[in-house]
Amino acid sequence: LNSLALNTICPGGAKNAHWNGYRPEIAWLELSVVIFIIMLLNMPDRTRTFAVFYIAMFTMHYMNPASTAVFSHNFQFDINGTGVSYFLVCVVGTLLATLFSLVPWPHTFQSEVTVDIGHLRTCISTLLEVVAQSCNGVPLSTPLRSKCAKGSMRISGMLSELDEKLAGMWWEGFDTGSFGRVRNLFLHFSTLLRELMDIMHALLLAAEADRSHATWLMEALEADIYNFVDATNRLLGEVGEAVSDGYISKQERLRIEREAQRVQTMSTALSTTYATRRLEAGAASLDRDLLEEDYITYNLARIGEALVKFSLSLETPAEQSIFVDLEKYILDIFDPMLNRNHTNFVIRSYVSFMLAFVISFYFYGADYLIPATVGLVLSKFLGSALERNLCRAQGTVLGLVLPAIILRQVPACGGGLGSLIFLGLVFIFIAVALYISQSGGARNGYIAMLTAAFAAQTFFLPCNSYHDHTTSSGSVYSTVSATIMGILIVSLVDVVLANERPTEGLRDCLGNVFAVTRAGFVDVLDGNPTHKRAALLKRHLDLSTMFHVECPHEPRLWRISYPEQMVASLLGEARSLRLDLHSLEKALYSGGTVQEIKTEVSMLTVFQDGIPDPVMPQEVLECLEYRQVCDDLLSQYDKVTRLCQSVLSHESEGPKQAILDYDHRADVDDNVHRLAEVMEDHFKYTQGKAVLDDYRCRAAVIIFMIFTVHRRLDRIAEMILRS
């Protein structure tokens, strides 16, 4: 379209300047505006890369008086025109790529999401069974604990990838008909899986503790826990099967309600056995030695509650119009501020391209490869840009040189056997390169992809040129020199204009994570629910993770290596603090009212959203012991936060004064124990009451979570001091 517009204004461009009124300043102005808009729009990187490449090529031909390229005029398509030929090549390539994605079976986002959902169900069920095995009073062994941690990380990674695939599903069916129903149900089901993983994280905390002193209690619960976990896994399987086709049939509904009833029955049996055994043993009040057991039973009940609530609300979603999300996707493209530091990226990219175009036009004989290379190696981060530049140089050289070396040594010219040898070499070379691009990691994959792209150009040069040293060497040299020049331009502009290193972004975002988490603890401990902070906290954590991935690639210059392992551990503890905050809030507030729902199977009890009721009596919230515990928690939190910020600011030079200022008060645990004694007078066990309704159990969970947050803060400080 850009080419057609230019050739409509001045047909033929500079080579027809004697009759079409060509003005170079108009071409330069149009190029400047179009490139600025492309850099400004929030489009995917690949879209921007192809747009910049073709605009560089077409505009360079248009402005070059010696160009022999033919273009269409007045928006009429000339079949021999350069623009039309490239457009047809792109259309054919896109159709072939789509065709081969369907052979031998359809390879779509929907098929991948369906498989991933099945794997996630299996992994979560297996993890729940392993954690349940630790509920017999014996802590998890070190190998099994490591296995659980790796399984939890694998599930978290799969859930992160699931978001991208669900977003890609929209483009396969535009949410019309069954596509929309399936995607809608998958979105809701992925939310449930995340909630279950958050609760599983809480169970893993208690599973690591030594509970040999409570063997008498947990052995009595072993059968009930086994039955509960089995019922939960069966319900999770039924729900997963139901959402996979986008339609909830009557038979699926009956099976889901039947399994949901079984989960509630097993949950009630677990609560009853737990309360009965405690009362029989004389442990009717809050017992500091049984906090982990309270915590395990409470979170098992939370898993059942979340799953039952989701199951009973599951309905076949109504079909929606394509325009529901289309407007959002279009508006997102025109929102240039969606990504952090997008303005700086626009400036750097724009300056790099225009500088490359000017140098290429006036000093390199109007070779479009230099500005096209700039479009290929653009990146939002300084570190990634430099690394991609090096990979680009390696891929270019390998793609241009290796085929020439191979074809000089192999008789691939002529017809008959030579043609077969040539086709075999092309197939093997490109296949190996593409295989490495898919399985060789990010860096090697990028190099292999570029090698395949440039090798394709080299393979299809005239056959005699491989044996003509002058022709082949000149072609390779000009391509490599143009590529290196484009890389140098991008690198120099990035170094001069980049206003922020990834480490600086990480420091700011991780600081925001700790600040928002602290504000959440203040609100929860003061009696104010903090649901609104959840989205903000997740956003800052996602940004911190993104910067952490980029930090190892940035140029360190005089600084020593980036403390990648320590920061990764710090990010993991920050995520755990977010989950601790969520668990503490859930325990402190009942979360709404209980309502009976009649189904075709039976009556089911579920929690309904509503105004949360505080679990703690007002006299406990106002007592001196409770306020002292809250002050201790926030005071230690502030010390650890200062320590973290100092480490991120000074990196490996040392936190210096923050290390000297840090200390752990020995009376913190004593204050928590005194609060537990105060709460013993207010909370007694009641037989026959569900765990989630039992405020005494919730009070024990609150005490356990306060202990857990203290231990986590100590672990963060110890990790930093050891580093």
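This is a predicted model, so every value here is computed, not measured. Residue indices begin from 1 for each chain and proceed along its sequence in written order. Totals for whole chains, interfaces and linings use all residues, but because this is a predicted model, local features are given only for residues with pLDDT of at least 70 and pairs of side-chain atoms are given and counted only at 80 or more. Hydrogens are left out, water is left out, and the side-chain values use all remaining heavy atoms of the structure.

S.K.: Please provide a residue-by-residue account of the overall build of the protein chain, values included.
M.R.: Assigned secondary structure in the protein chain consists of 26 helices and 2 strands. Taken over 723 residues, the protein chain has a buried fraction of 49%. Any two residues having at least one pair of non-hydrogen atoms within 4.5 Å are treated as being in contact. Put simply, of all contacts in the protein chain between residues at least 6 apart along the chain, 79% involve residues at least 24 apart. The secondary structure listing takes helices from DSSP runs of H or I that are at least 4 residues long and strands from runs of E that are at least 2 residues long, numbered from the N terminus. Residue burial is assigned from relative accessible area. The probe radius is 1.4 Å, only protein chains are included, and a residue is buried under 20% of its type maximum, exposed over 50%, and partly exposed in between.

S.K.: Let's hear about the environment of C644: which residues, and what values?
M.R.: Along the chain, the position of C644 falls in helix α23 (residues 624-650). Among residues more than four places away in sequence, those in contact with C644 are F514, L570, I716 and I720.

S.K.: Provide a residue-level description of unusual backbone geometry, including the pertinent values.
M.R.: Look at A366: it is not a glycine, yet its phi comes out positive at around 55°. For A366, the position within the fold is in the loop between α13 (342-363) and α14 (369-377).

S.K.: For helix α19 (residues 502-525), give the residues involved together with the corresponding values.
M.R.: Here α19 contains 24 residues, and its C-alpha end-to-end distance of 34 Å stays within 8% of the 34 Å for a straight helix at 1.5 Å per residue. Following α19 by one or two positions, G527 adopts a phi angle in the positive range, close to 95°. The length a helix should cover is 1.5 Å for every residue beyond the first.

S.K.: Please give an account of helix α11 (residues 291-312) that cites residues and values.
M.R.: The end-to-end C-alpha separation of α11 is 32 Å, in line with the 32 Å expected for 22 residues at 1.5 Å each. With 20 of 22 residues buried, α11 lies mostly within the body of the structure.

S.K.: Which residues make up the pattern of salt bridges, and what are the values?
M.R.: A pair is scored as a salt bridge if a Lys or Arg side-chain nitrogen falls within 4 Å of a carboxyl oxygen belonging to Asp or Glu. This structure, assessed with the given rule, holds 16 salt bridges. For R234, the salt bridge is made with E259, and the minimal N-O distance between the two is 3.2 Å. With a gap of 25 residues between them, R234 in helix α9 (residues 215-243) and E259 in helix α10 (residues 250-280) connect regions that are remote in the sequence. Judged by relative accessible area, which is 42%, R234 ranks as partly exposed. You can call E259 buried: its relative accessible area is 9%. Across the pair D542 and K538 runs a salt bridge, and its minimum N-O distance is 3.0 Å. Residue D542 and its partner K538 are both found in helix α20 (residues 533-550); the two are separated by 4 residues, about one turn of the helix. Judged by its relative accessible area of 39%, K538 falls in the partly exposed class. Residues joined by salt bridges that share partners form a network here, namely E573, D580, R712 and R715.

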